[in-house]
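# Structure at a glance
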Amino acid sequence: FTLFLATIAVQAQDLNAFNQARLKRDQGLMLSLGTWAVGNITAGSIGWATAPQPELKAFHQMNVMWNAVNLGLAVPGYLRARNTKAVLSLSQTLSEQQKTERIFLLNTGLDVAYITAGFLLRSMALNQQAKADQLNGFGKGLILQGSFLFAFDLTAFALHHRHGKQVLRLVDGKE
C-alpha cells in the first residue's frame, strides 16, 4: 500500500513538472511573438510615417495592423501561461496537451491561408492600377507576416509535440 501511494505521489510530481514545463514553453513562445510584434509595430510605424513610396507605406501599415493583433494575442497568452496552475490530473494534462498541439497545428494551416491571401492581393494589383500600390504593399505584408507565423506555429507545434511524448512515457510508467 505504501509503495502504491509513493508511486502515485511520484506520478503527481512528474505531471506537475510536465505541466510547469509546458506552461514555461508557452510563456517563452508568447514572449517571442510579443517581441516580434513590438519590433514590427515600431519599425512599421516609422516606415508608415516616413516611406516616400505608397507601396512601402502600405507594406508598413499592414505590418503595424497585423502586429497589433499579434501583440493582442501574445500578452494574454503569456499572462494565461504565467498564471495557470500546473496541478492537473492525468486526463486534464492529456486534454491540455492535445488542445495546445491542435491550436498550433490549426494556426499553421491559417498561416498558409494568410500567405495565399498575400499572393492573391499582389495578383489583384495587376488588374487594378488605381490600387496597385496598396494591394502590392498589403500583399507583401501578408506574405511576410504569414511566413513568420507559419514558422512560429510549426515550431511551437513541434516543441509541444516532442514535449507531449513525455506524458505518454509517464502514463506507461517508463519515466
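Scroll up a little and you will see the structure.
None of the values given here were measured: they were computed from a predicted structure.

Within the protein, the regular secondary structure consists of four helices and zero strands. Each helix and strand of the protein, placed in order from N terminus to C terminus, yields the pattern α-α-α-α. Going through the 175 residues of the protein one by one, you find that 36% of them count as buried. Residue pairs in contact within the protein that sit at least 24 positions apart in sequence constitute 82% of those at least 6 positions apart. If you sum the accessible surface of the protein, you get close to 10200 Å²; carbon and sulfur atoms cover 65% of it.

This part takes up the packing of aromatic side chains. Under the definition given, this model contains four aromatic pairs. With 3.9 Å between their ring centres and 10° between their planes, Trp36 and Phe148 make a pair best called stacked. Note that Trp36 is positioned in helix α1 (residues 2-50) and Phe148 in helix α4 (residues 132-172), a separation of 112 residues in sequence. Ring centres of Phe148 and Phe152 lie 5.9 Å apart, and the angle between their planes is 25°; this geometry places the pair in the stacked category. Of the two residues, Phe148 and Phe152 are both situated in helix α4; the distance of four residues between them amounts to about one turn of the helix. Assessed through its relative accessible area of 9%, Phe152 is described here as buried.

Between the first and last C-alpha of helix α3 (residues 90-125) there are 53 Å, a value that for 36 residues agrees with the 52 Å anticipated at 1.5 Å per step. Every buried residue belonging to α3 is among Thr93, Gln97, Thr100, Glu101, Phe104, Thr108, Asp111, Ile115, Gly118, Leu121 and Ala125, and all of these are buried.

Attention now goes to the side chain of Asn67. By the secondary structure assignment, Asn67 is in helix α2 (residues 54-83). When its relative accessible area of 0% is taken as the criterion, Asn67 is described as buried. Engagement of the side chain of Asn67 in a polar contact is seen with the side chain of Gln145, the distance being 3.2 Å. Once residues lying within four places of it in the same chain are set aside, the contact partners of Asn67 are Trp36, Ala37, Asn40, Ile41 and Gln145.

Looking now at the pattern of salt bridges. Inspection of the entire model under this criterion finds two salt bridges. Notably, a salt bridge pairs Glu55 with Lys140, separated by 2.5 Å at the nearest N-O pair. Here the residue Glu55 occupies a position in helix α2, and Lys140 occupies one in helix α4, the gap between them amounting to 85 residues. The residue Lys99 makes a salt bridge to Glu96 at a minimum N-O spacing of 3.5 Å.

Once that is clear, we can look at the environment of Thr155. Tracing the chain through its elements places Thr155 in helix α4. Judged by its relative accessible area of 44%, Thr155 falls in the partly exposed class. Remark: the alpha-carbon pair of Thr155 and Leu29, spanning 126 residues in sequence, is separated by 9.5 Å. A distance of 2.7 Å separates the side chain of Thr155 from the backbone oxygen of Ala151, its partner in a polar contact.

Once that is clear, we can look at the nonpolar core. One finds Leu29, Met30, Leu33, Phe104 and Phe152 to be the most contacted residues of the largest nonpolar core, which totals 19 residues. Residue assignment for this core shows that the elements contributing at least two residues are α1, α2, α3 and α4. With nine residues, the single largest contributor to this core is α4. Residues within four places of Phe152 in sequence aside, it is in contact with Leu29, Met30, Ser32, Leu33 and Phe104.

What counts, and where the lines are drawn
Residues numbered from 1 in each chain as written. Predicted model: local features only at pLDDT ≥ 70, side-chain atom pairs only at ≥ 80, totals over all residues. Heavy atoms only, no water. Helix = DSSP H or I, 4+ residues; strand = E, 2+ residues; numbered from the N terminus. Buried < 20%, exposed > 50% of the residue type's maximum accessible area, 1.4 Å probe, protein only. Contact = heavy atoms within 4.5 Å. Areas by Shrake-Rupley, 256 points an atom, 1.4 Å probe, with all protein chains shown as cover. Phe/Tyr/Trp six-rings, centres within 6.5 Å; stacked < 30°, edge-to-face > 60°. Expected span 1.5 Å × (residues − 1). Polar contact = N/O pair within 3.5 Å; in protein donor to acceptor, adjacent residues only side chain to side chain. Salt bridge = Lys/Arg side-chain N within 4 Å of Asp/Glu carboxyl O. Core = buried A, V, L, I, M, F, W, Y, C linked by side-chain atoms within 4.5 Å.

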